[in-house]
Structures are given as structure tokens and as C-alpha cells.
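Residues per chain, in single letters:
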Amino acid sequence: MDELKRLEREVNDLQNQLRWQNEQAERARQNLINENRRNLENYQKEMQRAIREHDAKAQAEYERLLREYQYSLSDEAGKKFAEMDADYNRLMNEVRRNEEALAQKNMELDRAVQELRSDIHRKEEGSGAQASEYLKNAVEQFRETEEKPHEKFMPKRLAIFYNSLKDGQQLFKAGLYEAATAVAISVKSGLERLGYNIDDKASEWDRQYDLLTLKTNYLRQRIRQELDDWKEYIGQPGDDSNSRKSRLIEINYWSRGEYAEVVRSSNRIHSVIASVEKDGRAAYLKKSDGATTDDLKKYIQEIDTLSERLSSLSVIYKERYTASCQRSEWGEQIIDFLTDEINLRWIAELSGFRQASGETLNAKDFRDYIQVQFGDEAVKEDAREWLKLVFDNSSCSRIYVYILPIEAKQQVENRIILHIDYGGAEQAQYSRDIYAHICEAIRIGEEAEETVNYTPDINELKVSTNQVYKETAADLEKAKRHSH
């Protein structure tokens, strides 16, 4: 028993020393974390203004502070901190040595316990009062540890100590007091180690949760601001719930459904935060199905991806809308000029925006937009796609004008493809005249060659690396077959 008590004292001394050293190391690292957190908190009000007023410089500073805070939570920050601070490095080396010594002492303690439990000849040795006191202390330690979120961070471990406690109580009832004492010492020591580990893991969970909350709230602020920006961009009046719903539908349409995906994903992640806030952190951590630390880290990565995606969408969907408006404007100008000035006949039933494909027709972003804009689900034209204009002249030549949206590097530029189906030999001068009339109609001069392209040979479009040109070639071939 004297050997057992000696081991108990050595284990306790090592555990207390480790606890103090870890607290010292954590305090040093926590200073860095707290400093970054204070900087973030000081910037919170400024951030709301920055988002509202599109202060890109202020937003970039906030995002930098977020990255610094996130880095300070990482293992890499601890390693960097150790490299920069000699005292911290020495402390961590001492921690590692003491952890190894503690592991060795625990093994010795476990062996001593097993020897006592297996030696039935020592039944009468040991004090019953002493064994009872040790068991009582072990039970108190068990109850203290039971209050911690052990199932989330160290699942099934507490049950092992529960069974060991039961064994110790059975040994006590059998009069094996020394063995009961040994078990109680082992259980109490193990429970203390378990409690420290749970506390460390809970602290890590708290820090990751705080980071997730900051990033999610920032993203949601930006999402809401997009609705206000869109209202201003298109000059839409009103700010009631119906108006906001319409804006969301419109943004989602021009973003080809991606905006709604960002909103849904951010709402899904925010529901985790809402659940934590509703239950309180302590209660939430005891839920078996609650988010783990790894889950939080995955959510943080997802939020980062969503933020990048929103930044891209914020540019491209406005570009698509503006380009579509320009296609409509150019289309009206071309129709007016070619019918009024050179007496071409516009064939309205063959003209219009490209018909939506089956997949697009069934997409929620398209159906919602058509309902809001036209209130008629029979409309199948997709204003995000090309605009086709078809004309006939007095010689029965058919003139095709495609105004195509070409997307590249977050920009959308309209290009015009002109093709004339003569039904025979090409009339080069007439082709040049029609080309010039189109340029005059949309009032472009020097940049005409970049914008308007006359294409006598459809095969030139077929071999293009741009999918839109290939699809235009296919549509032209189909239109020409039906016209003959």
C-alpha cells in the first residue's frame, strides 16, 4: 500500500505540474488569440458601415483581421509562437517530458492496482475506513466529470470508469480493502486526466464556434446587402416583403440559381448557430447529435467558399442583366433600322430570346422569375441567352442576326453574328451593306470588328472553342433546314 500511495503522490504531483505548465502555455497563446479577437470586436460596427457603403478597403481590413484570428487558433500558430518565444519553447519541451513521465507513472500505477486486485491472500490487509474515503473521493470526481460534455469529446470513456468504480465497491464489500483503495486511486487519477482532456477539447470547440459565428454573420450581412444593392441597381421602388422576395428571385435568376444556393447553405450553417444559442453552449455540448469541433471546422471552410462564391456572383449577375438589357436595346434598334430604312421584313415569330431547354424550364430560378415577370408559365424565352432576329428581303434572302452574350473573367460582352442565307451565290456587296447597316443601327464605329461578325460559313462557328458559337451554328443549321 505504501508503494501505491507513493505512486499516487507522484502521479498527482505530475498532473498538477502539467496542469500549471499547460495553463502557462495556454495563457501565452490566449493573449495572442484575445488580442486578435479584440481587434475584430473593435471593428464590428465599422464593418456594418463598410458593407452598407461598399467600403472595399474597410472590408478587406476586416477580412484580414478574421484571417489573423483564425490563424491564431491553429496549431501552426502555436508552433510559430514557440519558435519566436524561447521561454514558451522551453515550457512546451518541459510539458512533453512531463507528459511522458506521467504516462510511465500511470502505467506503474495500473500495474500495482492489477497486482493488488489479483492477490486474494491480502483480504484482511488495509483499512476499511481508508478504502471508503478513497472510494468516496473517486465517486465525487466521477460526478464532477459527468457534468462535463464527455460524450461529445471523449465518448464511451466515462463508462469505463463507472464499471471500475463498481468493481472497487464490490471489492470493498468483499473485504478486499487494499484492492478497493487501489482501484479508487486509479479511477480518481484517470477521471482527473479525462476531465482535463475534456476541458481542452471544449475550449477548442468554443474558439472554433466563435470563429464560425463571426464568419457566418459577416456572410449573411453581405447576402442581405446584395438585395439592397440590386434594388438600387435596377431602380426598383418599395421595400416591403414582396419587393424583397422579388429581388431575391431576380438575383437568383441572373445568377443562374447560384445565389439561392449560397443563401440556403448559409442558412443551414446559421441554423447550427441558432441551435447553440437557443440551448446555451453547455446544454448543446451535451447533445449527442450536436456539431463536433471537426464539423465546425468544415462549416468554416464552407463559409469561406461561400464568401468567395458570393463575391464572384455579385459581379457576374449584374453583368448578365446589363448585357441582356443591351441585347434588347440593340434588337429594337436593329429591327427599327432594317425595317424602316431598307425595307426588310422582320419575322417576329422566328425571332426572340433563345428558348429555354427542358432542364432550364424545370429549374426553380427560371420558373420563379417567369412567374414574377410575366405571371404566365407558358413563356419559354430565356433573357439570359442570345437574342435572335430574322429578316427577309425582297429577293427572298433570309437574314439572321444573333446577339450573343459571351462570358469571360467575370465580364459579359455582347457579340453579333450576322449570316445571310442567299439560297444561291453570295452577294458580297449586299453582305457588306447589311453589316454596315447593323453597325449604324447600334451606333458603333471603330470597335465594330470586335462586336459584329459576318459569318458566311457556318463551319467557322462549329470549330470555335466557345460553346455559345457552336450552339449558334447548330441553331442556324436547324433554322435554314426549316426555311427551305
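Look up: the structure comes first, before these words.
Small disclaimer: the values here were computed from a predicted structure and weren't measured.

Enquirer: What's the story with the side chain of glutamine 59 in this structure? I'm lost.
Expert: Mapped onto the elements, glutamine 59 comes out in helix 2 (residues 56-73). Here glutamine 59 falls in the buried class, since its relative accessible area comes to 14%. Not counting residues within four places of it along the chain, the set of residues in contact with glutamine 59 comprises Met47, Ala50, Ile51, His54, Tyr218 and Arg222.

Enquirer: Looking at this structure, how should I read the packing of aromatic side chains?
Expert: For any pair of aromatic rings, the description rests on two quantities: the centre-to-centre distance and the angle between the ring planes. Taken as a whole and assessed by the stated rule, the structure comprises 17 aromatic pairs. Here the aromatic rings of tryptophan 254 and tyrosine 369 are separated by 6.1 Å at their centres, their planes lie at 75°, and the arrangement is edge-to-face. Note that tryptophan 254 is positioned in helix 9 (residues 241-254) and tyrosine 369 in helix 14 (residues 364-374), a separation of 115 residues in sequence. Exposure remark for tryptophan 254: the relative accessible area of 3% places this residue in the buried category. Looking at tyrosine 369, the relative accessible area reads 9%, which means it is buried. Ring pairs connect the aromatic residues Trp230, Tyr233, Tyr253, Trp254, Tyr317, Tyr321, Phe366 and Tyr369, which therefore count as one cluster. Sitting above the plane of the tyrosine 218 ring, arginine 222 keeps its charged end 5.7 Å from the centroid.

Enquirer: Explain the pattern of salt bridges to me, please; I cannot follow it from the model alone.
Expert: Where charged atoms from two side chains of opposite charge come close, those side chains can pair. For the coordinates displayed, the defined rule picks out 34 salt bridges. Here arginine 281 and aspartate 210 are joined by a salt bridge, their closest N and O atoms 2.6 Å apart. With a gap of 71 residues between them, arginine 281 in helix 11 (residues 281-285) and aspartate 210 in helix 8 (residues 177-234) connect regions that are remote in the sequence. A salt bridge links glutamate 261 to arginine 309, with the nearest nitrogen and oxygen atoms 2.4 Å apart. Taken together, the positions of glutamate 261 in helix 10 (residues 258-279) and arginine 309 in helix 12 (residues 293-340) put the pair 48 residues apart, joining distant regions of the chain. Classification of glutamate 261 as partly exposed rests on a relative accessible area of 34%. Residue class for arginine 309 comes out partly exposed when judged on its relative accessible area of 25%. Overlapping salt bridges, with partners in common, bring together Arg37, Glu41, Asp206, Asp210 and Arg281 in one network.

Enquirer: How should I be thinking about the side chain of arginine 220 in this particular structure?
Expert: Locating arginine 220 in the fold gives a position in helix 8. Of the buried charged residues, arginine 220 lacks a salt bridge, with glutamate 277 as the closest side chain of opposite charge at 12 Å.

Enquirer: What's the story with unusual backbone geometry in this structure? I'm lost.
Expert: For residues besides glycine, phi is generally negative; the peptide bonds are generally trans as well. Its identity as a non-glycine residue notwithstanding, histidine 54 has a phi of 55°, on the positive side. In this structure, histidine 54 sits in the loop between helix 1 (2-53) and helix 2.

Enquirer: Can you walk me through the nonpolar core in this structure?
Expert: The tendency in soluble globular proteins is for nonpolar side chains to be buried side by side. Within the largest apolar cluster, 101 residues are counted, with the highest numbers of intra-cluster contacts made by Ile334, Phe391, Val401 and Ile416. With 20 residues, the single largest contributor to this core is helix 8. With sequence-adjacent residues up to four places away left out, isoleucine 416 is seen in contact with Trp330, Ile334, Val401, Tyr402, Ile403, Ile438, Ile442, Thr451, Val452 and Asn453.

Enquirer: What is the right way to look at the packing of helix 10 against helix 12 in this model?
Expert: Two measures define how a pair of helices packs: the angle their axes make with one another and the distance between the axes. The geometry of helix 10 relative to helix 12 is characterised by a closest axis approach of 10 Å and an angle of 150° between their N-to-C directions. Considered as vectors, helix 10 and helix 12 are oriented roughly antiparallel to each other. The two elements helix 10 and helix 12 meet at a crossing, and its hand is left-handed. For the pair formed by helix 10 and helix 12, the contact residues are Glu258, Tyr259, Glu261, Val262, Ser265, Ser266, Arg268, Ile269 and Val272 on the first element and Tyr299, Glu302, Ile303, Leu306, Arg309, Leu310 and Leu313 on the second. Here the contact of helix 10 with helix 12 is built from residues that sort into nine nonpolar, two polar and five charged.

What counts and how
- Residues numbered from 1 in each chain as written.
- Predicted model: local features only at pLDDT ≥ 70, side-chain atom pairs only at ≥ 80, totals over all residues.
- Heavy atoms only, no water.
- Helix = DSSP H or I, 4+ residues; strand = E, 2+ residues; numbered from the N terminus.
- Buried < 20%, exposed > 50% of the residue type's maximum accessible area, 1.4 Å probe, protein only.
- Contact = heavy atoms within 4.5 Å.
- Phe/Tyr/Trp six-rings, centres within 6.5 Å; stacked < 30°, edge-to-face > 60°.
- Lys NZ or Arg CZ within 6 Å of the ring centre and 35° of its normal.
- Salt bridge = Lys/Arg side-chain N within 4 Å of Asp/Glu carboxyl O.
- Lys, Arg positive; Asp, Glu negative; His and termini not counted.
- Core = buried A, V, L, I, M, F, W, Y, C linked by side-chain atoms within 4.5 Å.
- Axes fitted to C-alpha atoms, helices over the stretch in contact; angles between N-to-C directions.
- Parallel < 35°, antiparallel > 145°, perpendicular 65-115°, else oblique.
- Left-handed = near helix turned anticlockwise from the far one by under 90°.
- Nonpolar A, V, L, I, M, F, W, Y, C, P; charged D, E, K, R; others polar.

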